[in-house]
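# Residue-level structure breakdown
Here are the chains, one letter per residue:
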Amino acid sequence: MPLFINRDQIFAHQVHLLEHKLRSKEERILELETENAILHLRLAECLGKIRRDNEEETKALDHEHHRSAQKITRSALAKLLSEVQAVKQDLSELFAAYLSFSTELEQQSKQLLEKLAQASCSLNCHHGDKVQNLEGSVAALERSLEEEREKCKAERQRRKELHNALVELRGNIRVHCRVRPVLPFDHVQSSTSGSRPASPEEVVSIISDDAVMVNCIKTGMPVQNKMFEFERVHGPEDSQDAVFDEVKPLLTSLLDGYNVCIMAYGQTGSGKTYTMMGSQQLEEQSTTQQETQQGVIPKAAAELFRLISEKPAESHTVEVSVMEVYNNEVLDLLARDGNTANQRRDVITTSSGSSEVISLTHKPVSNASEVMQIISSVLKLRAHCPTLIHTDSSRSHLIVTLTISSKSPNALALARRLQSAKKNMQRSTQKEWWSPRCRRANPAARQSSDDHLFASTASSPCRSPSHSPCPSPRPSISQAPLRTKLQLVDLAGSECAGMSGVSGAALWEMSCINRSLSALSDVLGALAEQRPHVPYRNSKLTHLLQDAIGGDAKLLVMLCVSPTQHFITESLQSLGFGMRARQVQKELPRRKNNTLKVK
């Protein structure tokens, strides 16, 4: 029979046990709190003792520091006091010396004043006539100096006239030849050539300052010597300065109102870029070496600004533009957008017969360093391609243009422009022309005298509505600024496909280069034969350089020739181009009207 379990008793017993445990834990808590309070009291006593010890130590240290500082201060004050006393002694001695010197100086000054008074009296008594004579001589010298200045000014003006006449008589198109030295890659080319005989032997020799001879060597044929004459021939030993000395006179014509162009022509690797730009390692050389190795472009910019500095202040302003003709397209290298399509520009011929590039970027410059900074920043944009002849061959024609605006054109330039307008008027009077836009177009206006042309060029008869005989509201020629251009051209190298070893797109580039150079040769041939039509528009290059090749512009062609047998074909082609350019005979020099006065 199961035993009966009373659950209430079990629960009551468990509650009693739990209450007993709770009381024991509470008693333990009270004991721990008591011990904690005792420990806090002991900690406070220890902290107080430590604080008191620290305060006592701090007071002892402060007292010691105070004593040491007082000792140092007393010693320093004693030292300063001794120094002050020494300074006082020195000052007293100096003051005594000053007093003695001042008294001596006063006595000497009195003596000198007395002697000066005596000397002036003697001069006034005995040398008065001599002083008057000297004053008269000084006045006469000043008058003669002023007269000499006026004569020097007149001689400068006369020198300009004679200089332009001399340059025109020597030829508006001048051809110089520069033969480069034998370079290491000439031996490499001769060793790698297999299709045709090649040799590093020099076949181009300098005979004199104006003649060069080429030895034409052919297998089984006697040696034939061909001689070419030019205005100046530079040998391998000639420096960059010697080359530029022959170019420098053209810059004077630039400021006298003539357009000037200097171009380098020759095959790839003949030294065109070196002649125009200079050495490519200028950063690693000293300043003197940099100036020596500079080419025509930096030297011409420096010489131009030197000539401008001799003129009246702010009478000339200069702007620079940089273009390249690549695959018969004109590209503006100064355009901010790097996209080639946005750099393309069109060339037009204005009503005056000059060529102009639409939307070309011009940057104003004030010195030669700014010009070279601009050119150096865009040279990396020029098209380059390695060939068998040259590892970094230029595949485009680089054209750097410096436009000079003269605010006060001189009388010579004005006379030249007026005489040109007079000649155009004489041609136009031979044809009847009438425009309904002009109410004053009558026979009397068409038969106006030449003197009326010099009074007002706007009233001259015209062959188009843009040149109407009506009075024009435009300012007179003497008020408008005169703009001349200096064009510095580094042409791409002429070469054949067999020697260059190019293919694909590079072959098309070479074809465009050769066609543009052929168009340039055709233009010079037409000018030499005095044909009625000159094919300037057959190429963008010749169209762009129309101002420099035709008219009364000054053109200098620098032929760059390789001296070795390996490049004899290209050298003969370049020399033949130079001979054709020399045959161009422009109009005879016009007599300048020196009596013309600009009001």
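Residues numbered from 1 in each chain as written. Predicted model: local features only at pLDDT ≥ 70, side-chain atom pairs only at ≥ 80, totals over all residues. Heavy atoms only, no water.

With 7 of its 7 residues buried, strand β1 (residues 173-179) lies for the most part within the structure. By the alternation rule, side chains of β1 split into I173, V175, C177 and V179 and R174, H176 and R178, which are all buried. As judged from the 7 bridges shared by β1 and strand β17 (residues 554-561), these two strands associate in the parallel manner. Looking at the pairing, R178 lines up with C560 of β17. Judged from the 3 bridges that link them, β1 and strand β5 (residues 232-234) form a sheet pairing that is parallel. Of the residues in β5, the one forming a bridge with R178 is H234. (Buried < 20%, exposed > 50% of the residue type's maximum accessible area, 1.4 Å probe, protein only. Helix = DSSP H or I, 4+ residues; strand = E, 2+ residues; numbered from the N terminus. Pairing = 2+ DSSP bridges.)

Right, let's get into helix α18 (residues 568-582). In this model α18 runs 21 Å from its N-terminal to its C-terminal C-alpha over 15 residues, within 8% of the 21 Å that 1.5 Å per residue would give. Along α18, the positions that sit buried rather than exposed are I568, E570, S571, S574, L575, G576, F577, G578 and A581. (Expected span 1.5 Å × (residues − 1).)

Now for the side chain of S562. When you line up the elements, S562 lands in the loop between β17 and α18. Of the polar contacts made by the side chain of S562, one reaches the side chain of R180; its length is 3.4 Å. When neighbours within four sequence positions are excluded, S562 is seen to be in contact with R180, V204, Q267, G269, S270, F567 and S571. (Polar contact = N/O pair within 3.5 Å; in protein donor to acceptor, adjacent residues only side chain to side chain. Contact = heavy atoms within 4.5 Å.)

Time to look at the sheet that holds strand β3 (residues 211-216). Pairing between the strands of a sheet is mediated by backbone hydrogen bonds and can be parallel or antiparallel. Strand order in the open sheet formed by 3 strands is β2-β3-β4, and the pairing between neighbours is antiparallel. Only two strands of the sheet have a single partner each, and these edge strands are β2 (204-208) and β4 (224-229). Averaged over all neighbouring strand pairs, the angle between strand axes comes to 30 degrees, with direction disregarded. Where β3 and β4 come together, 6 bridges link them in antiparallel fashion. Within β4, the residue paired with V214 across the bridge is K226. (Axes fitted to C-alpha atoms, helices over the stretch in contact; angles between N-to-C directions.)

Turning our attention to the pattern of salt bridges. What the rule picks out here adds up to 12 salt bridges. Across the salt bridge formed by D209 and R232, the nearest N and O atoms sit 4.0 Å from each other. Here D209 is found in the loop between β2 and β3, whereas its partner R232 is found in strand β5, with 23 residues between them in sequence. Three or more residues joined by partner-sharing salt bridges are found here, namely D209, R232 and E246. (Salt bridge = Lys/Arg side-chain N within 4 Å of Asp/Glu carboxyl O.)

Formed by 48 residues in total, the largest nonpolar core has its most connected members in F230, M263, I549, L559 and L575. For this core, the element with the highest residue contribution is helix α15 (residues 505-528), accounting for 7 residues. M263 has contacts with V489, L491, L520, L545, L555, L556, V557 and M558, leaving out every residue within four places of it along the chain. Counting residues in hydrophobic clusters, the runner-up holds 41 residues, among them V247, L307, M372 and I375. (Core = buried A, V, L, I, M, F, W, Y, C linked by side-chain atoms within 4.5 Å.)

Moving on, we get to the packing of helix α8 (residues 296-309) against helix α10 (residues 368-379). Between α8 and α10, the shortest axis-to-axis distance is 8 Å and the interhelical angle comes to 150 degrees. Considering their axes alone, α8 and α10 lie roughly antiparallel with respect to each other. Here α8 runs over α10; the crossing is right-handed. Here I297, P298, A301, A302 and F305 of α8 come into contact with α10, specifically with A368, V371, M372 and I375. Residues of the contact of α8 with α10, tallied by class, amount to 9 nonpolar, no polar and no charged. (Parallel < 35°, antiparallel > 145°, perpendicular 65-115°, else oblique. Left-handed = near helix turned anticlockwise from the far one by under 90°. Nonpolar A, V, L, I, M, F, W, Y, C, P; charged D, E, K, R; others polar.)

With that settled, the discussion passes to the packing of aromatic side chains. Two descriptors summarise a pair of aromatic rings, namely the distance from one centre to the other and the angle between the planes of the rings. Counting across every chain of the model gives 1 aromatic pair. It is K554 that lies over the ring of Y258; its NZ or CZ is 4.2 Å from the centre. (Phe/Tyr/Trp six-rings, centres within 6.5 Å; stacked < 30°, edge-to-face > 60°. Lys NZ or Arg CZ within 6 Å of the ring centre and 35° of its normal.)

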